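# Residue-level structure breakdown
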Amino acid sequence: MSGIEIEGLRPLDGELKVQGSKNAALPMMAAAVLHRGTTVLKNVPRIRDVFCMIDILTAMGCECSLEGHRLAIDAKTVSRVAVPREYVSSMRSSIVLLGAFLGRAGEAVTCYPGGCSIGSRPIDLHLRGLERLGVRIREREDGRIAASAARLTGARVHFPYPSVGATENVILAAVRACGTTVIAGAAREPEIVSLCRMLNGMGARISGIGEDTIVVEGVGELHDSEYTAPGDRIVTGTYLSCVMAAGGRAYLRGTEPEPLRGVLRVLRRMGAGIETAPAGIRIRMKGRPRPVRIRTAPYPGFPTDLQSPMLSLLAVSDGCGQVCETVFEGRFATADQLRRLGARIDIDGNRAKVEGVYPLRGARVEAPDLRGGAALAVAGLAAEGRTEIGGCGHILRGYEDICGDLKALGARIRQLPEDGGGADGDGGDAGGQLSAGGRLRRVRGSDGRRMSG
Ligand code: EPZ
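Residues numbered from 1 in each chain as written. Predicted model: local features only at pLDDT ≥ 70, side-chain atom pairs only at ≥ 80, totals over all residues. Heavy atoms only, no water.

## Points about helix α7 (residues 190-201)
What counts, and what does not: A run of DSSP states H or I qualifies as a helix once it reaches four residues; a run of E qualifies as a strand once it reaches two. Both are numbered from the N-terminal end. Helix span, expected: 1.5 Å multiplied by one less than the number of residues in the helix. Residue burial is assigned from relative accessible area. The probe radius is 1.4 Å, only protein chains are included, and a residue is buried under 20% of its type maximum, exposed over 50%, and partly exposed in between.
With twelve residues, α7 extends 17 Å from end C-alpha to end C-alpha; this agrees with the ideal 16 Å at 1.5 Å per step. Burial runs high along α7: nine of the twelve residues are buried. Regarding α7, the residues found buried are P190, E191, I192, V193, S194, L195, C196, M198 and L199. G203 lies just past α7 and shows a positive phi near 110 degrees.

Spelled out as C-alpha cells, the structure:
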C-alpha cells in the first residue's frame, strides 16, 4: 500500500472489533521460545511486525503457522540463537528475543537495534538487568552482542526507569533461571500483565503482576498452552481520537476500557461522551474538542503512543492546548506534517503548544513513524477536502486494516496502491499473503521491503 486518501469533514457512525495488541503479541511470541513444545496465541493482529517476528522465529528453527488470527508456534527445536541482523534493525522489538533465548538455551546473539525517528532507543537497561542474572554480555568484532550464561541465577534487579522492553527481557530470562528474581522498578504496562499471565499459563511462577515489583520463581519445564492477546489499547485510543476529530459516534468492541482509564478521563475532559462495557467502549462527539494539557509518562500515565493522535486532536480543538513528551525525546516529527494541513503547533524542547484551527485543509503528507502516520489519519478526518498520506508502510507495522476499520465507521477513505488507483477500504493483509496451506510465504511489501506474509 503506497498511501491512504481521506475525504474529511464527514461525521462517523459505526462499530468495529479492535484488533489484537501488537505490543502484547510480540513479547508473547518471544515467550513461546522458552518451551520445547507448542504455544497457541489467539487474537494475534495480522500486521507487519507480527509477520517479521514470525520470520525471525522461523529462521531460528521454530515452526510457525498463522491461520486467521490464530498463531501456533512449535518451538520443539531451535536451530540457532543468533537473531538475523536484517530483522533487528527493521524491528527493534526483536530485542526481547535476547531474554527468551537466554532462558531457552543460555545464549543469544543479536545487535544493537539502533535508534528510530522517535528517539535513540538505547538498550543499557536490558543489558544491565540481564547481567544481574549472571549473563555475560560481550560485543563481538562484527559489532554484534553475544550474551551467554553458564547458569542463569535468580537475583534482585532494580530498574531506575520502568523500561517496558527491559522488564520483558528480564522476566523472560528469569522464568528459566535457578532461584527467584525480584524486579524492582518494573514497568506496569498492560502488555507486561498479559505477558506474565500467559507465562503463568505455560507453567511459570510470576507474582506481583501489574505492580512495580515483580517476583519470578525460576522453573524447570513449561508446558503446551493457549492464550488470547488482549485488544490493542493504542489502536483503540487512535480510533476514539478519529471519532472526536470527525464528530459522530462509534462502538469499539473487543477492547477493555480499564487499561485506557486515564486516557478516557482526558477524552471526557475534551468533550467526548464515553460509556464503557467490560469488552467495549461507546463514544459520541459533537462539536470541536476542548483543549487540554497532557504529559506522557510510563503506565498508568498518559501513553506516549497516543501523543501523536492527541496532537492531531488539539490541532482542531477550540482553544490552546499543550503536550509534554517525557518518554521519547524525538516524538514530535508529526508536527511538521500537521502544519502542512494548517495546524498551528510550536515545539519547544519536549513541549508542544497547539492553537486549534478548524477545519484543517487537506494536503499531501508523509507518515514519519507508526503512530505519527495514524495521527495524520485522525487529522485528515477533520480537514476540508482530500488528505493523502504517504509512507503507509509505517502504519502497516501496527494497524491491521486502518482503511477497512475507518470505512466501517463511515469514513470516506481509500487505499492508494502503487498505481495510484483506488481500492476502497480494503486493507487486506498488511502486505502479507497466505499460501493455501495457511503457511506464510515471502512477498514484497508495498515499500519494497522483503517481508513474510
Ligand atoms: C515499548 O517500547 C513499546 N514497544 C513502544 O511502543 C512504547 O512507546 C514504549 O514501550 C513505551 O511505552 C513495544 O512494546 C514493542 P521503553 P520500548 O524501553 O520497550 C529509555 C509503538 O508505537 N530506555 O519503555 O522500547 C528509552 O530510550 C511503540 O507501538 C533506556 O534509556 O520502550 C525511552 O526513552 C513505539 N534504556 C524510554 O526508556 C533502555 O535500556 C522508554 O523506553 C531502554 C529504554
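Following the structure, the description resumes.
## Description of the packing of helix α8 (residues 233-246) against helix α12 (residues 370-380)
What counts is decided by this rule: Only C-alpha atoms enter the line fits that serve as axes; for helices the fit covers just the stretch in contact. Angles between N-to-C directions range over 0 to 180 degrees. Each angle is binned into one of four classes, with values under 35 degrees roughly parallel, values over 145 roughly antiparallel, values of 65 to 115 roughly perpendicular, and all other values oblique. Should the near helix be turned anticlockwise from the far one by less than a right angle, the crossing is left-handed, and should it be turned clockwise, the crossing is right-handed. Contact definition: two residues touch when any of their heavy atoms are within 4.5 Å. Amino acids outside the nonpolar list (Ala, Val, Leu, Ile, Met, Phe, Trp, Tyr, Cys, Pro) and the charged list (Asp, Glu, Lys, Arg) are all regarded as polar, and Gly is one of them.
For the pair α8 and α12, interaxial distance at closest approach is 9 Å and the crossing angle is 25 degrees. When the axis of α8 is compared with that of α12, the two are roughly parallel. The chirality of how α8 crosses α12 is right-handed. Of the residues in α12, those touching α8 at I234, T238, S241, C242 and A245 are R371, A374 and V378. The residue inventory of the contact of α8 with α12, partitioned by class, reads five nonpolar, two polar and one charged.

## Some remarks on the pairing of strand β19 (residues 344-348)
Test applied: Strand pairing requires that DSSP identify at least two bridges connecting the strands.
Bridging between β19 and strand β20 (residues 351-355) involves five bridges; their strand directions are antiparallel. Bridge assignment links I345 to a residue of β20, and that residue is V354. Linkage of β19 to β20, two consecutive antiparallel strands, is achieved through a turn of two residues, within which G349 is found at a positive phi near 65 degrees.

## Remarks on the site of the ligand
Filter applied, for reference: When at least one non-hydrogen atom of a residue lies within 4 Å of a molecule or strand, that residue is treated as near it. The definition of a polar contact used here is a pair of N or O atoms within 3.5 Å, where within protein one atom must be able to donate a hydrogen and the other to accept one, and adjacent residues in sequence count solely through side-chain atom pairs. Here the open area of atoms and residues is found with the Shrake-Rupley method and a 1.4 Å probe, where only the protein chains shown may cover a residue.
The full set close to the ligand counts 22 residues, and D124, L125, S163, D305 and V327 are the nearest of them. Side-chain polar atom of R121 to an oxygen atom of the ligand: 3.1 Å apart, as the coordinates give it. In this structure, an oxygen atom belonging to the ligand sits 2.8 Å away from a main-chain N or O atom of V164. Out of a free accessible area of 820 Å², the ligand has 86% covered by protein chains. Elements that contribute at least two residues to the shell around the ligand include exactly α1 (22-31), α5 (124-132), α6 (164-174) and α12. For the shell around the ligand, the leading source of residues is α5, giving three residues. In terms of residue class, the shell around the ligand is made up of nine nonpolar, six polar and seven charged.

## Structural notes on the layout of surface pockets
For clarity, the threshold we go by: Site definitions follow a grid-based scheme: protein atoms alone, a 1 Å grid, a 1.4 Å probe that fits but cannot get out for cavities, and for pockets an open set with protein on both sides within 12 Å along at least five of seven lines, plus lining residues having an atom within 4 Å of a point. Grid points are joined across faces, edges and corners, and a volume is the space filled by probe spheres set on the points.
Each pocket or cavity is described by its volume, and for the second largest pocket that value is around 550 Å³. Around the second largest pocket sit 26 residues that line it, and P190, V193, E258, P259 and Y299 are the ones nearest its centre. Elements supplying a minimum of two residues to the lining of the second largest pocket: α7, β13 (225-228) and α9 (261-269). A total of five residues in the lining of the second largest pocket trace back to one element, the largest contributor, which is α7. Here the lining of the second largest pocket is composed, by residue class, of ten nonpolar, eight polar and eight charged.

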